[in-house]
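For reference, the chains in residue letters:
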Amino acid sequence: MSGERITGLDLARAISILGMMFVNYKISMGAEGSGPAWLSWFVSLFEGRASAVFVVLAGIGFAIFICSLQQVPQF
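Please read these numbers as outputs of a predicted model, since none were measured by experiment. (Residues numbered from 1 in each chain as written. Predicted model: local features only at pLDDT ≥ 70, side-chain atom pairs only at ≥ 80, totals over all residues. Heavy atoms only, no water.)

Undergrad: An account of the pattern of salt bridges is needed here, citing residue identities and associated values.
TA: Inspection of every chain in the model, using the stated rule, returns two salt bridges. A salt bridge links Asp10 to Arg5, with the shortest nitrogen-to-oxygen separation between them at 2.8 Å. A relative accessible area of 25% means that Asp10 is categorised as partly exposed. Here Asp10 makes a salt bridge to Arg13, at a shortest N to O gap of 3.3 Å. Residue Asp10 and its partner Arg13 are located together in helix α1 (residues 7–28), separated by three residues, close to a single helical turn. Put simply, Arg5, Asp10 and Arg13 are held in one network by salt bridges that share partners. (Salt bridge = Lys/Arg side-chain N within 4 Å of Asp/Glu carboxyl O. Buried < 20%, exposed > 50% of the residue type's maximum accessible area, 1.4 Å probe, protein only. Helix = DSSP H or I, 4+ residues; strand = E, 2+ residues; numbered from the N terminus.)

Next comes the structure, spelled out in structure tokens:
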């Protein structure tokens, strides 16, 4: 690779970060059980999943980084 970004990986990272923000905002503000039902349902989609997805994506990014280092000629 020539230093180009992987758009799908960046998009997945952004979605997982937003998911973690939704869940943590709900927890830190004590908003569990309050608010519209659709909003509680939406936030519950991310609970437990967003952080796990982010960790997996971090591992993939680290693996891509290590592979790119191996392709650079060493002097």
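There is more to say, and it comes next.
Undergrad: Run through the side chain of Ser16, naming residues and quoting values.
TA: Here Ser16 lies in helix α1. Residue Ser16 is classed as buried on the basis of its relative accessible area, which comes to 3%. Every residue in contact with Ser16, bar those within four places of it in the chain, is listed here: Ala50, Val53, Phe54 and Leu57. (Contact = heavy atoms within 4.5 Å.)

Undergrad: So what's going on with the confidence of the model for the protein chain? Which residues, and what values?
TA: Caution is warranted with low-pLDDT regions, since their predicted coordinates should not be read in detail. Overall, the predicted model of the protein chain reaches an average pLDDT of 78, with 80% of residues at or above 70. Of all the helices and strands in the protein chain, helix α2 (residues 37–44) carries the lowest mean pLDDT, 77, while helix α3 (residues 50–71) carries the highest, 84. (pLDDT = per-residue confidence, 0-100.)

Undergrad: With reference to specific residues and values, describe the environment of Ala52.
TA: Along the chain, Ala52 turns up in helix α3. Judged by relative accessible area, which is 43%, Ala52 ranks as partly exposed. Sequence separation between Ala52 and Met20 is 32 residues, and the spatial gap between their C-alpha atoms is 9.8 Å.

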